[in-house]
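One letter stands for each residue in the lines below.
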Amino acid sequence: MARRRLDLTFPPRQATKPITYHLVKDFDLTPNILRAQIQPGQEGRMLVEVVGPREAIDAGVAFLEKEGVDVHPAASDICLDEDECVTCGLCTAVCKPGALTLDSESKALVFDKDKCVYCEACVVACPRRAITLTF
Ligand code: SF4
Ligand code: SF4
């Protein structure tokens, strides 16, 4: 089984199509939508993690591209304003997947993108507003 995170951009005419339904039904993939900004008649964005055999993921991506969806590896990230961060660790306490940790030696904040589910709990928890989530 492979796991891939994809950043999808939908043209306005595709924004309300049941794309994830096709990934499940036609390609036997398990999609997990992490973030989505979709409005009828407007360009849409979706960050989705798909799990399944590597060939099935490749076929699913080819299907999406054929449907006019722009597909890129997920590049969403967390931006940390180091001038504002006081390494209090509050964000690490609310990060359930363990994507944010404090390095035991340097005490620097460490972000593991592969564990992040883009829930924004850290953004809300930070008293210094030092974290921004880009998508
Ligand atoms: S909660 Fe904010 S100030 Fe505290 S460690 Fe996290 S980013 Fe830094
Ligand atoms: S967005 Fe959620 S999962 Fe990602 S680092 Fe912040 S708290 Fe953790």
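Residues numbered from 1 in each chain as written. Chains lettered and ligands numbered in written order. Predicted model: local features only at pLDDT ≥ 70, side-chain atom pairs only at ≥ 80, totals over all residues. Heavy atoms only, no water.

What to know about the overall build of the protein chain
Moving on, step 1. Scanning the protein chain from N- to C-terminus turns up four helices and eight strands.
Moving on, step 2. In sequence order, the secondary structure elements of the protein chain are arranged as β-α-β-β-α-β-β-α-β-β-α-β.
Moving on, step 3. Dimensions along the principal axes, computed over C-alpha positions, put the protein chain at roughly 45 × 35 × 20 Å.
Moving on, step 4. Looking at the 135 residues of the protein chain, the share that counts as buried comes to 36%.
Moving on, step 5. Accessible surface for the protein chain amounts to roughly 8000 Å². Of this, 50% is attributable to carbon and sulfur atoms.
Moving on, step 6. If you average the places of the 16 positive and of the 20 negative side-chain charges in the protein chain, the two averages end up 5 Å apart. (Helix = DSSP H or I, 4+ residues; strand = E, 2+ residues; numbered from the N terminus. Buried < 20%, exposed > 50% of the residue type's maximum accessible area, 1.4 Å probe, protein only. Areas by Shrake-Rupley, 256 points an atom, 1.4 Å probe, with all protein chains shown as cover. Lys, Arg positive; Asp, Glu negative; His and termini not counted. Charge placed at Lys NZ, Arg CZ, Asp CG, Glu CD.)

So, the environment of Y118
Moving on, step 1. Looking at the element boundaries, Y118 is found in the loop between β7 (109-111) and α4 (121-125).
Moving on, step 2. Classification of Y118 by relative accessible area gives buried; the value is 3%.
Moving on, step 3. A sequence separation of 85 residues divides Y118 from I33, and the C-alpha atoms of the two residues are 10 Å apart.

Observations concerning the site of ligand 1
Moving on, step 1. With respect to spatial proximity, 13 residues lie near ligand 1, and among them C85, C88, G89, C91 and C126 are the closest.
Moving on, step 2. Its residues placed into classes, the shell around ligand 1 shows ten nonpolar, two polar and one charged. (Near = heavy atom within 4 Å. Nonpolar A, V, L, I, M, F, W, Y, C, P; charged D, E, K, R; others polar.)

Looking at the site of ligand 2
Moving on, step 1. Close to ligand 2 lie 13 residues; C95, C116, C119, E120 and C122 are nearest.
Moving on, step 2. Among the residues forming the shell around ligand 2, the class breakdown is twelve nonpolar, no polar and one charged.

Some thoughts on the packing of aromatic side chains
Moving on, step 1. Taken as a whole and assessed by the stated rule, the structure comprises one aromatic pair.
Moving on, step 2. On the numbers, 5.5 Å between centres and 45° between planes, the contact of F27 with F63 is tilted. Of this pair, F27 sits in the loop between α1 (19-25) and β2 (30-37) while F63 is found in helix α2 (residues 54-66), placing the two residues 36 residues apart along the sequence. (Phe/Tyr/Trp six-rings, centres within 6.5 Å; stacked < 30°, edge-to-face > 60°.)

Observations concerning the sheet that holds strand β3 (residues 44-52)
Moving on, step 1. Taken together, four strands build an open sheet; the order of strands is β2-β3-β1-β4 and the sheet is antiparallel. Among the strands making up the open sheet, the edge pair consists of β2 and β4 (70-73). Averaged over neighbouring strand pairs, the angle between their axes works out to 25° when direction is ignored. (Pairing = 2+ DSSP bridges. Axes fitted to C-alpha atoms, helices over the stretch in contact; angles between N-to-C directions.)

Points about the side chain of R35
Moving on, step 1. Tracing the chain through its elements places R35 in strand β2.
Moving on, step 2. Here the side chain of R35 touches Y118 through a polar contact of 3.4 Å, landing on its backbone oxygen. (Polar contact = N/O pair within 3.5 Å; in protein donor to acceptor, adjacent residues only side chain to side chain.)

Some details on the domain arrangement of the protein chain
Moving on, step 1. Taken as a whole, the protein chain is organised into domain 1 (2-73) and domain 2 (77-134).
Moving on, step 2. For domain 1 versus domain 2, the separation of C-alpha centres amounts to 28 Å.
Moving on, step 3. The interface is formed by four residues belonging to domain 1 together with eight residues belonging to domain 2.
Moving on, step 4. Of the roughly 440 Å² buried between domain 1 and domain 2, counting both surfaces, carbon and sulfur atoms make up 45%.
Moving on, step 5. Considering only the side of domain 1, the residues that lose the most area to domain 2 are R5, L34 and R35, jointly responsible for 88% of the buried surface there.
Moving on, step 6. Here domain 1 and domain 2 share one salt bridge between them.
Moving on, step 7. One salt bridge in this structure joins E120 and R35, with 2.9 Å as the shortest N-O distance.
Moving on, step 8. Between the two partners, domain 1 and domain 2, sit five residue pairs in polar contact (both at pLDDT 80 or more).
Moving on, step 9. Looking at the side of domain 1 that touches domain 2 residue by residue, the class counts come to two nonpolar, no polar and two charged. (Domains from an automatic or database assignment. Contact = heavy atoms within 4.5 Å. Buried area = accessible area lost by both parts, 1.4 Å probe. Salt bridge = Lys/Arg side-chain N within 4 Å of Asp/Glu carboxyl O.)

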